[in-house]
2 protein chains.
Amino acid sequence: MKPLKVALLGCGVVGSQVIRLMHEQADDLAARVGAPLELAGVAVRRLGRKRDIDVDPELLTTDAESLVTRDDVDIVIEVIGGIEPARSLIVAALSRGKSVVTANKALLAEDGSTLHEAARTGNGDLYFEASVAGAIPLLRPLRESLAGDRVKRVLGIVNGTTNYILDKMDSTGASFTDALEEAQTLGYAEADPTADVEGFDAAAKAAILAGLAFHSRVRADEVHREGITEITATDVASAKAMGYVIKLLAICARSDDGRSFGVRVHPAMIPRSHPLAGVREAYNAVFVEAESAGQLMFYGKGAGGAPTASAVLGDLVAVGRNRLAGTHGPEESTYADLAVHPMGETVTRCHVALDVADKPGVLAQVAELFAKHDVSIQTVRQEGHGDDAQLVIVTHRATDAALSATMAGLRELDIVRAVASVMRVEGDE
Amino acid sequence: MKPLKVALLGCGVVGSQVIRLMHEQADDLAARVGAPLELAGVAVRRLGRKRDIDVDPELLTTDAESLVTRDDVDIVIEVIGGIEPARSLIVAALSRGKSVVTANKALLAEDGSTLHEAARTGNGDLYFEASVAGAIPLLRPLRESLAGDRVKRVLGIVNGTTNYILDKMDSTGASFTDALEEAQTLGYAEADPTADVEGFDAAAKAAILAGLAFHSRVRADEVHREGITEITATDVASAKAMGYVIKLLAICARSDDGRSFGVRVHPAMIPRSHPLAGVREAYNAVFVEAESAGQLMFYGKGAGGAPTASAVLGDLVAVGRNRLAGTHGPEESTYADLAVHPMGETVTRCHVALDVADKPGVLAQVAELFAKHDVSIQTVRQEGHGDDAQLVIVTHRATDAALSATMAGLRELDIVRAVASVMRVEGDE
């Protein structure tokens, strides 16, 4: 049987695992695809560099463009990340009829439409299971298994770095800075942690998930994004005292009328009894709520060389089979073309801690302000007294705009010395 | 666009939901498939019967065979269950080139090879996501997402009825009989609960999972099967006291040398900290452990009309797309052709409670017997005294044969008045 030739772009943490597994599992992969897979070349930035894996030096090249356009190459695996040159290389490959497997969430979320368009033109496959939640089969279930259902909501922990940091803060009482440092020491966070801790990575994944869930096109810049850098040890302790845990969540939710949806990434308090609360360390987990299926959860390793390579190879087998059968997998599905609604229209709940003057009538004034904005209060608790007097309030569901207006109003009240913390509450409606 | 015509076999709990959703979601389904789906007919046992759903009487027929062989029918959905006439109807449809979506775990596990052979002959699709774990996307991930990985173990709760019963026993202290009665009252268990409580349903699902996980063919009668009818309130309480919970598990595990695998369904104690321990009521959850991906978990509703219909419709969209593209999905993959090893070769652990004589030297004699069979003891605890003296022992890992021989030996010892309970322990190695 004529082998399928595979070009690999990138030979870092993921790429080297892809090479190892293609070699170690060659017989299994050949049996599953229906033809052997042969590495046609590996594009790297520098040739001489020491690598985690032995690669035939003949296969290495710094000329990625020539590699992806070679006539004998059937499939291109892109694991270099970033926007350019990844985009140009993928488009070059797809428009020549090759199939592409990529783990590039940033590119898909910034300019997925260009890639999908190139796949259509070339009549090849564009698969990207590894781009969200690493090894966890999540995109294929959304794209295919739930194709006969209506997804209402996707809610998940899709960034391992921030989950590691928040989990440490929760279990040891550490500050954000200390927990980040530990994550960096252990290799869970990069030297420049911005993409993770500011929520950019999670936002790109949220855009991809929302697009698949709602059969619409979503770009990363349409995702409301808040990071975790301002979360204090006090916030975490206060959540803990109330039976909650703080997680960085990606949430994609269809509006009640089904005509639009919200996409957001922000820290939120969830009840400790919620299955996502038990997701520890750098693990990922995603809840999917569909009309007929009900609640589903997917859990596993969201990053790392071998787990990500597992997802890449699963896609490689699928596109390999498709090529042999002369067909391709499901195309991008954007027929619903729903709009992303602004964050203000999102319905959520809020936990707010107020430093207040310790005198009669405070609660009445605060309650009146909530009522003015149509935000009803679920629980209120008074803590401390004198200069330490604090009101801790949890609201019922309201629009984010109403909640924001309420918070702004609270800051204007004379009897409120400070709004000590504000955090959204999810997962227990 | 010419519609794809769909014949439905069965109009019960699942079938009526399939009809409802095909109607309610007609536009979405058409957009996702690329052509409208049209119900060509519904085969039922009796025409006059009152149904959960309004069906055009013109569509109803008792002549299932004529329906599935009609020239204009493209896809057949089988949700009648059981071996015959389901098998003959599916084979008739497949061998005429139609595609089939089925939820029939019993048939797949008893004679899947006949169905897959007919699919190959007719060049159509045989999809069966709904046959295991209802709405949870599990077979597609195993079949496709993990196609580039090596599955080591699948361990799950795949029967909602028994999970409901065991959960009730655990949370209320109820006896098996009382918990079963409650499950029957609530509709979670059938009047004749044999298929569920004796593990037949779970065994069929285990056979399907093992076949997909290990790329081999597995029949239900190759699955070692033990039910939950002999589990007492005392067993449950004793497990609880030790920080364990009893679940009915389906376990498919590759041997250490990778040349064979075991498939079994039996009750087992798992630590309360294990993610499967938190699976309550009638929910299902399945752990998959693969070499590169690591541990994955899938969780959701394992049964019910709408959840099962969700899985059926997901498959319907997939086979519909395949037909329009003139292709078919992945065929049965049995190339590895691994053997199922006997239960005796399975490596597991054991919890055993012994009623013993309360005199010196008892523990020494018991320990000597374990040693004789090469079973090492992890913990031993003495409870009560006099006529109530009990030794509670948890072993380290050993073959099931060695554990069984040890249990038999214990029954022969003079100082052992009775082996009060024996239960395997899983999930904490």
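Residues numbered from 1 in each chain as written. Chains lettered and ligands numbered in written order. Predicted model: local features only at pLDDT ≥ 70, side-chain atom pairs only at ≥ 80, totals over all residues. Heavy atoms only, no water.

Some details on the state of the cysteines
Here is step 1: Enumeration over the complete set of coordinates arrives at zero disulfides over all chains.
Here is step 2: Considering cysteine sulfurs only, B:Cys252 is the nearest to B:Cys350, which forms no disulfide, with 20 Å between them. (Disulfide = S-S within 2.5 Å.)

Here's the deal with empty space enclosed by the protein
Here is step 1: Evaluation of the coordinates by the stated rule reveals seven cavities of 30 Å³ or more.
Here is step 2: Size it by volume and the largest cavity reaches roughly 110 Å³.
Here is step 3: In terms of lining residues, the largest cavity is bounded by 13 residues, among which B:Ala119, B:Gly124, B:Leu126, B:Pro330 and B:Glu331 are the most central.
Here is step 4: Broken down by element, the lining of the largest cavity gets its largest block of residues, three residues, from helix 5 (residues 105-122) of chain B.
Here is step 5: Its residues assigned to classes, the lining of the largest cavity comprises three nonpolar, five polar and five charged.
Here is step 6: Considering only enclosed or pocket space, the second largest cavity measures out at about 90 Å³ in volume.
Here is step 7: Forming the boundary of the second largest cavity are A:His116, A:Ala119, A:Arg120, A:Gly124, A:Asp125, A:Leu126, A:Tyr127, A:Arg143, A:Gly329, A:Pro330, A:Glu331 and A:Glu332.
Here is step 8: Per-element accounting of the lining of the second largest cavity gives the leading share, three residues, to helix 5 (residues 105-122) of chain A.
Here is step 9: Its residues assigned to classes, the lining of the second largest cavity comprises four nonpolar, three polar and five charged. (1 Å grid on protein atoms, 1.4 Å probe; cavity = no way out; pocket = protein on both sides within 12 Å on 5 of 7 lines; lining within 4 Å. Points joined across faces, edges and corners; volume = space filled by probe spheres on them. Helix = DSSP H or I, 4+ residues; strand = E, 2+ residues; numbered from the N terminus. Nonpolar A, V, L, I, M, F, W, Y, C, P; charged D, E, K, R; others polar.)

Re the pattern of salt bridges
Here is step 1: One pass over the full model with this rule turns up 52 salt bridges over all chains.
Here is step 2: A salt bridge links A:Arg87 to A:Glu84; the shortest N-O distance between them is 3.1 Å.
Here is step 3: The residue A:Lys168 makes a salt bridge to A:Glu182 at a minimum N-O spacing of 4.0 Å. Linking A:Lys168 in helix 7 (residues 160-172) with A:Glu182 in helix 8 (residues 176-185), this pair joins segments that are 14 residues apart in sequence.
Here is step 4: In this structure, a network of salt bridges that share partners links the residues A:Arg140, A:Glu144, A:Asp315, B:Arg140, B:Glu144 and B:Asp315. (Salt bridge = Lys/Arg side-chain N within 4 Å of Asp/Glu carboxyl O.)

Focus: the UniProt feature "domain: ACT" (unreviewed entry) in chain A
Here is step 1: The positions that UniProt labels "domain: ACT" (unreviewed entry) are, in the present scheme, residues 351-424 of chain A.
Here is step 2: The annotated region residues 351-424 of chain A carries 32% helix and 41% strand content, and the separation between its end C-alpha atoms amounts to 6 Å. (UniProt positions renumbered as here; feature names shortened; annotations may be inferred.)

Quick word on the sheet that holds strand 2 (residues 37-43) of chain A
Think of a sheet as strands paired side by side through backbone hydrogen bonds, with each pair either parallel or antiparallel.
Residues and elements named next belong to chain A.
Here is step 1: One open sheet accounts for six strands, arranged 3-2-1-4-5-6; its pairing is parallel. Of all strands in the sheet, those bounded by a partner on one side alone are strand 3 (60-61) and strand 6 (126-127).
Here is step 2: Bridge count for strand 2 against strand 3 is two bridges, and the pairing is parallel. Directly across from Ala43, in strand 3, lies its bridge partner Thr61. (Pairing = 2+ DSSP bridges.)

Some thoughts on the sheet that holds strand 3 (residues 60-61) of chain B
Residue and element names in this part refer to chain B.
Here is step 1: Strand order in this open sheet of six strands is 3-2-1-4-5-6, and the pairing throughout is parallel. Both edges of this open sheet fall to strand 3 and strand 6 (126-127), since each of them pairs with a single strand only.
Here is step 2: Sheet topology note: the strand 5 (residues 99-102)/strand 6 ladder contains two bridges and is parallel. Following the sheet pairing, Val100 is matched in strand 6 by Leu126.

Points about the environment of A:Val79
Residue and element names in this part refer to chain A.
Here is step 1: Along the chain, Val79 turns up in the loop between strand 4 (75-78) and helix 4 (86-95).
Here is step 2: Look at Val79 and you get buried, because its relative accessible area is 18%.
Here is step 3: Separated by 63 residues in sequence, Val79 and Ser16 place their C-alpha atoms 10.0 Å apart. (Buried < 20%, exposed > 50% of the residue type's maximum accessible area, 1.4 Å probe, protein only.)

Considering helix 4 (residues 86-95) of chain B
Residue and element names in this part refer to chain B.
Here is step 1: Residues Ala86, Leu89, Ile90, Ala92, Ala93 and Leu94 constitute the buried set of helix 4.
Here is step 2: Close packing links the buried residues of helix 4 with strand 1 (4-9), helix 3 (64-69), strand 4 (75-78), strand 5, helix 5 and strand 6.
Here is step 3: Looking at the residues trailing helix 4, positive phi occurs at Gly97, about 85°. (Contact = heavy atoms within 4.5 Å.)

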